[in-house]
Each structure stands twice: as structure tokens, then as C-alpha cells.
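Residues per chain are reported as follows:
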Amino acid sequence: TKQVLEWPVLLEKLASLTYSSLGAEHCRKLPFEQDYRLAQIRLNETSEMLSLHSSITPFPKLIFSNIENSLLRAEKNASLESKELRDIAQIIKLGEQVRNCLTINQVMLTNLRIYKDQLHDLSFLRTEIDLCVNQEGEIIESATPVLFEAIQETRRIKEHMRERLESMLSSM
């Protein structure tokens, strides 16, 4: 029973082993399966996940930023900051790594293999973000021709202003 297993204590221990606040939050909300069949499935999933840690292609460590607010804003067609886009690209990359791990190890996964198909391929979006935002979350100058031209024009104006200031100062 839930009391015998000390379910809240167990969930808290599980949450302490996660790498992200979202993962910990998810662990704390895991339901106690009342149905024996469902409980057995969850136990099998846990066993498979443990076996993945010692496989040739282990399950990746899921360390990521919380992008919930960014996704809510994007859903409302709001513009996202470049650092938010970088965080989204990193999560997409983690999803690709998870999918790859589940694909490579699918022979030994009877319960977890169903989750692989739930991970949509968003590599096209990550590629687009990677073309526009660098690893530090800064916009890449060559992201678009218009941006590149604007930056070049700004540099020309800046250089012209510097030359004029130097000229004015030297004539004093």
C-alpha cells in the first residue's frame, strides 16, 4: 500500500536524483498505481530505465532550462529572446539524444519503446535556431542577409563617427 511503501518519501528521494527542477516536480507528482497491472508496467519501465544506464548507449542526463514560459509566450505569437531560442534548441537536442538511445536499445525495451514514438522529430527547428543563434545565445550576424547588412552599415557609421571625432579633436 501507499503507506507501507512510504510513497511521499519515495517520491522525494526520486526527485532528489533528477537534474532539473521540472524533472523533480514531475517525480513528486507521480501517481500511486492502484491497479496491479499498471503498477507492474511502471515497475518494468523502472527496471528498463536502470538497465539503460549500463548499456552501450546510456540514457542521457536531462539537464535543461525551464522553457515553459517561453513556450507559453510563443503560443501567443510573442517574440522570443535569442537565449530562449538557444534553450529550446538544447531541449530539442536532448529529445534527439533520448530518441536515439531508445532506438538503439529498443531490443531490450519492451515497455519504454512506446515513448520513442511520442518524441517528435524537431531537428529541422533546431537546425534553424542553430543557423541564427550561437551557443552563447547571441544572434549570429549572418542569420539573415538583412541583418548582416544592417550590422555592416552600423559598423560603417560607427567608424565614420569615430573618424570625425578624431578629426575634430586633432584640430583643437
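Refer to the structure presented above.
Residues numbered from 1 in each chain as written. Predicted model: local features only at pLDDT ≥ 70, side-chain atom pairs only at ≥ 80, totals over all residues. Heavy atoms only, no water.

Some words on the overall build of the protein
The condition is simple: For helices the rule is a DSSP run of H or I covering at least 4 residues; for strands it is a run of E covering at least 2, with both sets numbered from the N terminus onward. We take the radius of gyration over the C-alpha atoms and set the globule estimate at 2.2 Å times the residue count to the 0.38 power. Accessible area is worked out with a 1.4 Å probe on protein chains only. A residue is then buried under 20% of its type maximum, exposed over 50%, and partly exposed in between. Here, residues are in contact when the closest pair of their heavy atoms is within 4.5 Å. All accessibility values rest on the Shrake-Rupley procedure with a 1.4 Å probe; residue burial counts only the protein chains present in the view. Positive: Lys, Arg. Negative: Asp, Glu. His and the chain ends are not part of the count. The atoms used to mark charge sites are NZ of Lys, CZ of Arg, CG of Asp and CD of Glu.
A tally of regular secondary structure across the protein gives eight helices and zero strands. Along the protein, helices and strands appear, N-terminal first, in the series α-α-α-α-α-α-α-α. By the compact-globule yardstick of 16 Å for 172 residues, the protein is too spread out, its C-alpha radius of gyration being 25 Å. Relative to its 172 residues, the protein shows a buried fraction of 20%. Contacts spanning at least 24 positions in sequence make up 57% of the contacts within the protein whose residues lie at least 6 apart. Taken as a whole, the protein presents about 12900 Å² of accessible surface, with 60% of it coming from carbon and sulfur. Taking the average location of the 21 positive side-chain charges in the protein and that of its 25 negative ones, the two points are 3 Å from each other.

Some points on unusual backbone geometry
The residue Glu6 is not glycine, and still its phi comes out positive at about 50°. The residue Glu6 is located in the segment before helix 1 (7-16) in this model. Judged by its relative accessible area of 47%, Glu6 falls in the partly exposed class. Phi is positive for Asn77, which is not a glycine, with a value near 65°. Structurally, the position occupied by Asn77 is in the loop between helix 4 (68-75) and helix 5 (82-104).

Considering the packing of aromatic side chains
Inclusion rule: Under the pairing criterion, centres of Phe, Tyr and Trp rings, with the six-membered ring standing for Trp, must be within 6.5 Å; the plane angle then separates stacked pairs below 30 degrees from edge-to-face pairs above 60, leaving the rest tilted.
Enumeration according to the criterion identifies one aromatic pair in this entry. Look at Trp7 and Phe32: their rings are 5.1 Å apart centre to centre, the planes differ by 80°, and that puts the pair in the edge-to-face class. With Trp7 in helix 1 and Phe32 in the loop between helix 2 (21-28) and helix 3 (36-52), this residue pair connects regions lying 25 residues apart in the sequence.

Digging into the nonpolar core
Put simply, the rule is: Throughout this description, the term nonpolar core refers to a set of buried Ala, Val, Leu, Ile, Met, Phe, Trp, Tyr and Cys residues connected via side-chain atoms within 4.5 Å.
Membership of the largest hydrophobic core is limited to seven residues, which are Leu52, Phe59, Val98, Cys101, Leu102, Leu109 and Leu112. Apart from the residues within four sequence positions on either side, Phe59 is in contact with Met49, Leu52, Val98 and Cys101. In this structure, Ile67, Ala89, Ile92 and Ile129 belong to the second largest nonpolar core, which totals six residues.

Quick word on the state of the cysteines
Note the cut-off: The term disulfide is used for any two cysteine sulfur atoms that are within 2.5 Å.
Counted under the stated rule, the structure contains zero disulfides. There is no disulfide at Cys27, and the cysteine sulfur nearest it, in Cys101, is 17 Å away.

Description of the pattern of salt bridges
Rules: A side-chain nitrogen of Lys or Arg and a carboxyl oxygen of Asp or Glu constitute a salt bridge if their distance falls within 4 Å.
Applying the stated criterion across every chain, the model contains 13 salt bridges. With its nearest N and O atoms 2.4 Å apart, the salt bridge here joins Arg73 to Glu84. With a gap of 11 residues between them, Arg73 in helix 4 and Glu84 in helix 5 connect regions that are remote in the sequence. Residue Glu84 is classed as buried on the basis of its relative accessible area, which comes to 15%.

Re the packing of helix 5 against helix 7 (residues 123-132)
Between two packed helices, both the angle of their axes relative to each other and the distance between the axes serve to describe the pair. As a reminder, the rule being used: Every axis corresponds to a line fitted to the C-alpha atoms, with the helix fit spanning only the stretch in contact, and the corresponding angles, defined between N-to-C directions, vary from 0 to 180 degrees. Two helices crossing with the near one rotated counterclockwise from the far one by less than a right angle form a left-handed crossing, whereas a clockwise rotation gives a right-handed crossing. In the scheme used here, Gly and all other residues not listed as nonpolar or charged are polar, with Ala, Val, Leu, Ile, Met, Phe, Trp, Tyr, Cys and Pro taken as nonpolar and Asp, Glu, Lys and Arg as charged.
Packing of helix 5 against helix 7 leaves a shortest axis separation of 9 Å and a crossing angle of 140°. For the pair helix 5 and helix 7, the crossing hand works out as left-handed. Residues Leu85, Arg86, Ile88, Ala89, Ile92, Lys93 and Glu96 of helix 5 touch helix 7, and the partners they reach there are Ser123, Leu125, Arg126, Ile129 and Asp130. Its residues placed into classes, the contact of helix 5 with helix 7 shows six nonpolar, one polar and five charged.

Side note on the packing of helix 1 against helix 2
Where we set the bar: Throughout this description, any angle smaller than 35 degrees is read as roughly parallel, any larger than 145 degrees as roughly antiparallel, any in the 65 to 115 degree range as roughly perpendicular, and the remainder as oblique.
Where helix 1 contacts helix 2, the axes come no closer than 8 Å and their chain directions differ by 165°. It follows from the interaxial angle that helix 1 and helix 2 lie roughly antiparallel. Viewed along their axes, helix 1 and helix 2 form a crossing whose handedness is right-handed. Listed contacts from helix 2 to Leu11, Glu12, Leu14 and Ala15 of helix 1 are Ala24, Cys27 and Arg28. Its residues assigned to classes, the contact of helix 1 with helix 2 shows five nonpolar, no polar and two charged.

Looking at the side chain of Asn111
For clarity, the cut-off: Pairing of N or O atoms within 3.5 Å defines a polar contact, subject to two protein rules: one partner must be a possible hydrogen donor and the other a possible acceptor, and residues neighboring in sequence count only if both atoms are side-chain atoms.
Of note, Asn111 is situated in the loop between helix 5 and helix 6 (113-116). Of note is the side chain of Asn111, whose polar atom sits 3.4 Å from the side chain of Thr110. Residues within four places of Asn111 in sequence aside, it is in contact with Ile41, Asn44, Glu45 and Glu48.

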